[in-house]
Amino acid sequence: MKTPLLTFLLLSLGCAQTPPDPAGVQPGVEVLLEQTPPELVGKRIGLITNQTGVGSDGVSTIDLLDSADAFELVALFSPEHGIRGAAAEGQVVASGVDPQTGLPIHSLYGDIRKPTPEMLEGIDALVFDIQDIGSRTYTYISTMALGMEAAAENGIPFVVLDRPNPIGGTIVEGNMLDTAFATFVGMYPITVRHGMTVGELARLFNDRFGIGADLTVIPVEGWERGEWFDETGLPWINPSPNIRSLDAATHYPGTVFLEGTNLSEGRGTDLPFEQTGAPWLAADSIVAEMNAMNLPGVRFERVDIEVDTAAARYPGQIIPGVRLITTDREAYRPVRTGLLLIDAIYQRHKDDWEWHVSHFDRLAGTDRVRLAIEEDALAPLLEEWAAEAERFREIRAPYLLYQ
């Protein structure tokens, strides 16, 4: 599946064969600057990025590309949370001008989510550099896919500056999305935890789902699939306001489903996506029940959660809650764990429970999990999902770039 340019880059840089040096992992932007592909030489570039687009020394990709001599950076495109990552979840992002470079910023998180021909006027190539967190529901990969579509439709190359999957590239978990539930929080039938980099996903999207862009992936140098983000030596930058640590990113593929219920997902607290609660929650009983399951790689702790007055759920309250604590991240399966936690709370609190039905089903990529919980029949579905994850391993195999 490798293009000639990609094969040349992989061989010349040894990115997939060289044993990783934690201090020497280079994101795709640095590889690009060392060896600019022909697709970009002398071209006018549009850059889809945010605050996570940085070199290994923390210098912004915007600044790195703006100062490069091989091409001209002429426009910026911002995803959900904005070019600097400060906008809240779901908040419309406005277009504007970057105060440091004077470049126009086109918002891709408002009424428009796909670059228009007008936005692409005067642009010879689109470049993508954003840190994903490894979950189908994270919207940055949808922004990438729509950017690829726009590039294909307007006859310009699309270049992905690859980055490591922060929660590793070996664990695959969850169901493949039912395309009847395809939305911006899940466009294609991939698993909830896909174990792929954005570059690998771009290759899969482009080929298997027929985007047909003139795609180039600039690979990470020195990264192997089994490495987690804290083993790369790269600086951690919050990819969104409520993913504030690698721990939060690790839990997120499972705790994101809390958004589709009337439980708190932790926004407005000190540990979003690492804890949940509600005023009516019998937290002691739930913690005891969850710990009794002896789920691999995780334990549960009873906590009182102080919620900020600006939070969307239970603002200004102190609510009983459950905190998830990873004990072995290689053994931990957050998707299974998160759904078992929701199931346990639902079965105990049916009178207090509320589904945000459309949002939960969008996140799950199906209505079957919600219906299974209501019928107290989650376990067989989770076994079915395990088989789906194994099928996805086979699907993704031709598109992987790293060993």
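See the structure printed just above.
Residue positions are given per chain, counted from 1 along the sequence in the order it is written. Local features are withheld for residues below a pLDDT of 70 in this predicted model, meaning they are given only at 70 or higher, and side-chain atom pairs are given and counted only at 80 or more; totals for whole chains, interfaces and linings count all residues. With hydrogens and water stripped out, all remaining heavy atoms of the structure feed into the side-chain values.

Some remarks on the overall build of the protein
Inference 1: Each helix and strand counted, the protein has 11 helices and 12 strands in total.
Inference 2: Against the compact-globule benchmark of 22 Å for 403 residues, the protein has a radius of gyration of 21 Å, which places it among compact chains.
Inference 3: Overall, the protein is about 65 × 40 × 40 Å in size when its C-alpha atoms are taken along their principal axes.
Inference 4: Relative accessible area decides the class of each residue, using a 1.4 Å probe on protein chains only: under 20% of the type maximum gives buried, over 50% gives exposed, and in between gives partly exposed. The burial tally for the protein puts 60% of its 403 residues in the buried class.
Inference 5: Any pair of residues with heavy atoms lying within 4.5 Å of one another is described as a contacting pair. Here the contacts in the protein between residues at least 6 apart in sequence split such that 74% fall between residues at least 24 apart.
Inference 6: Under the convention used here, a 1.4 Å probe and the Shrake-Rupley method define accessible areas, while residue burial counts only the protein chains that appear. Total accessible area computed for the protein in this model is approximately 14800 Å², and 49% of it derives from carbon and sulfur atoms.
Inference 7: Mean positive and mean negative side-chain charge positions of the protein (29 and 58 charges, respectively) differ by 4 Å. Secondary structure elements are defined from DSSP: runs of H or I of at least 4 residues count as helices, runs of E of at least 2 residues count as strands, and each element is numbered from the N terminus. With C-alpha atoms as the basis for the radius of gyration, the globule rule is written as 2.2 Å multiplied by the number of residues raised to the power 0.38. Within this scheme the basic residues Lys and Arg register as positive and the acidic residues Asp and Glu register as negative, but His and the chain ends are omitted. Charge positions come from single atoms, namely NZ of Lys, CZ of Arg, CG of Asp or CD of Glu.

Observations concerning helix H9 (residues 357-364)
At 3.6 residues per turn, the α-helix brings residues three or four places apart onto the same side.
Inference 1: Burial in H9 covers these residues: His-359, Phe-360, Asp-361, Leu-363 and Ala-364.
Inference 2: Buried positions along H9 lie against strand S7 (173-176), helix H8 (334-348) and helix H10 (368-374).
Inference 3: Directly beyond the C-terminal end of H9, a positive phi value near 70° is found at Gly-365.

Topic: unusual backbone geometry
Inference 1: The residue Asn-294 is not glycine, and still its phi comes out positive at about 55°.
Inference 2: Considering the arrangement of structural elements, one finds Asn-294 in the loop between helix H7 (283-292) and strand S11 (298-306).
Inference 3: Residue Tyr-314 is not a glycine yet carries a positive backbone phi of 55°.
Inference 4: Along the polypeptide, Tyr-314 turns up in the loop between S11 and strand S12 (318-326).
Inference 5: Judged by its relative accessible area of 16%, Tyr-314 is buried.

Here we look at the side chain of Thr-191
Inference 1: Considering the arrangement of structural elements, one finds Thr-191 in strand S8 (residues 191-193).
Inference 2: Look at Thr-191 and you get buried, because its relative accessible area is 0%.
Inference 3: A polar atom in the side chain of Thr-191 sits 3.1 Å from the backbone oxygen of Arg-193.
Inference 4: Discounting residues that sit within four places of it in the chain, Thr-191 has contacts with Arg-136, Val-172, Glu-173, Gly-174, Asn-175, Met-176, Glu-388, Ala-389 and Phe-392. A 3.5 Å cut-off defines polar contacts: any pair of N or O atoms within that distance qualifies, except that in protein one atom must be a possible hydrogen donor and the other a possible acceptor, and neighbouring residues in sequence count only when both atoms are side-chain atoms.

Digging into the packing of H7 against H8
Inference 1: A fitted line through C-alpha atoms serves as each axis, taken over the contacting stretch for helices, and the angle formed by two N-to-C directions is quoted from 0 to 180°. Interhelical geometry of H7 versus H8 gives an angle of 135° and a closest axis separation of 10 Å. In terms of their interaxial angle, H7 and H8 are classed as oblique. Handedness of the H7/H8 crossing: right-handed. In contact with Ser-285, Ile-286, Glu-289 and Met-290 of H7, H8 contributes Thr-337, Leu-340, Leu-341, Ala-344, Ile-345 and Arg-348. By the definition adopted for this analysis, an angle is roughly parallel if under 35 degrees, roughly antiparallel if over 145, roughly perpendicular if from 65 to 115, and oblique otherwise. For any pair of crossing helices, the crossing counts as left-handed if the nearer helix is rotated counterclockwise from the farther one by less than a right angle, and right-handed if it is rotated clockwise.

A word on the packing of aromatic side chains
Inference 1: Aromatic pairs are defined between Phe, Tyr and Trp rings, using the six-membered ring for Trp, whenever the two ring centres lie within 6.5 Å; interplanar angles under 30 degrees are classed as stacked, those over 60 as edge-to-face, and all others as tilted. For the coordinates displayed, the defined rule picks out 14 aromatic pairs.
Inference 2: Relative to Tyr-252, the ring of Tyr-138 has its centre 5.5 Å away and its plane inclined at 80°; by these criteria the two rings are edge-to-face. One end of the pair, Tyr-138, is in the loop between strand S5 (125-129) and helix H4 (140-153); the other, Tyr-252, is in helix H6 (residues 246-255), with 114 residues separating them in the sequence.
Inference 3: Given a relative accessible area of 6%, Tyr-252 falls into the buried group.
Inference 4: Each member of the aromatic cluster is reached from another via a ring pair, and the members are Phe-257, Tyr-346, Trp-353, Trp-355 and Phe-360.
Inference 5: Definition used: whenever NZ (Lys) or CZ (Arg) falls within 6 Å of the ring centre and also within 35 degrees of the ring normal, the charge is taken to sit over that ring. If you follow Arg-113 out to its NZ or CZ, it ends over the ring of Phe-184, 4.6 Å from the centre.

A closer look at the pattern of salt bridges
Inference 1: The salt bridge definition used is simple: a Lys or Arg side-chain nitrogen within 4 Å of an Asp or Glu carboxyl oxygen. Per the stated rule, a full pass over the model turns up 19 salt bridges.
Inference 2: One salt bridge in this structure joins Glu-289 and Arg-348, with 3.7 Å as the shortest N-O distance. You can see Glu-289 sitting in helix H7 and its partner Arg-348 sitting in helix H8, a full 59 residues away along the chain.
Inference 3: Look at Glu-289 and you get partly exposed, because its relative accessible area is 31%.

Focus on the nonpolar core
Generally speaking, soluble globular proteins have nonpolar side chains that are buried together.
Inference 1: Buried Ala, Val, Leu, Ile, Met, Phe, Trp, Tyr and Cys residues form a nonpolar core when they are joined through side-chain atoms within 4.5 Å. Counting 100 residues, the largest nonpolar core has Met-144, Phe-158, Phe-205 and Phe-257 as the members making the most contacts within it.
Inference 2: Top element by residues in this core is H8. It accounts for 8 residues.
Inference 3: Those residues within four positions of Phe-257 in sequence are excluded, and the remaining contacts are Val-192, Val-335, Leu-339, Ile-342, Phe-360, Leu-363 and Ala-364.

So, the pairing of strand S1 (residues 44-49)
Inference 1: Across the 6 residues of S1, 5 count as buried, placing the element largely inside the fold.
Inference 2: Judged from the 5 bridges that link them, S1 and strand S2 (residues 72-78) form a sheet pairing that is parallel. Looking at the pairing, Ile-45 lines up with Leu-73 of S2.
Inference 3: Direction of pairing for S1 relative to S5: parallel, over a ladder of 5 bridges. Within the sheet, the bridge partner assigned to Ile-48 lies in S5 and is Phe-128. Strand pairing is assigned whenever DSSP detects at least two bridges linking the two strands.

As far as function goes, none of this settles anything; it's purely spatial.
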